Amino acid sequence: MSVARVTEITAKGKSIEDCLEKGVKRASETLKNVEHVWVSDIKARVSNGKIDHYFVTMKVTFVLAD
């Protein structure tokens, strides 16, 4: 039987995909056995009428070691 834990992180990037890649990469450096990620919120900063950066809040699931 395995037990998983969920942690919430936010990443900043030039695109939503960029945020997801950065978030998962960084989480995987600290957490072992990262298996899933799901988006809980997306925000964007607007500057001069254009989107400057995205902020993606995601929940990362990882399996705890036995």
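For the structure itself, look to the data block above.
Conventions used here
- Residues numbered from 1 in each chain as written.
- Predicted model: local features only at pLDDT ≥ 70, side-chain atom pairs only at ≥ 80, totals over all residues.
- Heavy atoms only, no water.
- Pairing = 2+ DSSP bridges.
- Helix = DSSP H or I, 4+ residues; strand = E, 2+ residues; numbered from the N terminus.
- Axes fitted to C-alpha atoms, helices over the stretch in contact; angles between N-to-C directions.
- Contact = heavy atoms within 4.5 Å.
- Expected span 1.5 Å × (residues − 1).
- Buried < 20%, exposed > 50% of the residue type's maximum accessible area, 1.4 Å probe, protein only.
- Arc of directions from axis to C-beta.
- Patch = residues over 30% accessible without salt bridge, like charges linked within 9 Å, V, L, I, M, F, W, Y side chains within 5 Å.
- Areas by Shrake-Rupley, 256 points an atom, 1.4 Å probe, with all protein chains shown as cover.
- Salt bridge = Lys/Arg side-chain N within 4 Å of Asp/Glu carboxyl O.

## So, the sheet that holds strand E2 (residues 34–47)
1) Next: Across the sheet, 3 strands lie side by side as E1-E3-E2; this open sheet has antiparallel pairing. Looking at which strands have only one partner, the edges of the open sheet turn out to be strand E1 (4–13) and E2. In this sheet, adjacent strand axes meet at a mean angle of 15° when their direction is disregarded.
2) Next: Where E1 lies against strand E3 (residues 50–63), 10 bridges are found, and the strand directions are antiparallel. Bridge pairing in E3 links Lys-12 to Phe-55.
3) Next: Packed onto the sheet, helix H1 (residues 16–30) meets E1, E2 and E3 and runs at close to 35° relative to E3.

## A look at H1
1) Next: The first and last C-alpha atoms of H1 sit 22 Å apart over 15 residues, in line with the 21 Å expected at 1.5 Å per residue.
2) Next: What H1 keeps buried is the set Cys-19, Gly-23 and Ala-27. The arc that holds every buried residue of H1, seen down its axis, measures 50°, which confines them to one face. Turned more than 90 degrees from where H1 packs its buried face, Glu-17, Glu-21, Lys-25 and Glu-29 sit exposed.
3) Next: Looking at the packing, one finds that the buried side of H1 touches E1, E2 and E3.

## Quick notes on a nonpolar patch on the surface
1) Next: Taken together, Met-1, Val-3 and Leu-64 make up a surface patch of nonpolar side chains, about 360 Å² in accessible area.
2) Next: Structurally, Met-1 can be placed in the segment before E1.

## A short note on the environment of Val-6
1) Next: Among the secondary structure elements, Val-6 is positioned in strand E1.
2) Next: We classify Val-6 as partly exposed; its relative accessible area is 44%.
3) Next: Separated by 57 residues in the primary sequence, Val-6 and Val-63 have C-alpha atoms spaced 8.9 Å apart.
4) Next: Not counting residues up to four positions away in its chain, the partners in contact with Val-6 are Trp-38, Lys-59, Val-60 and Thr-61.

Geometry only, nothing functional implied.
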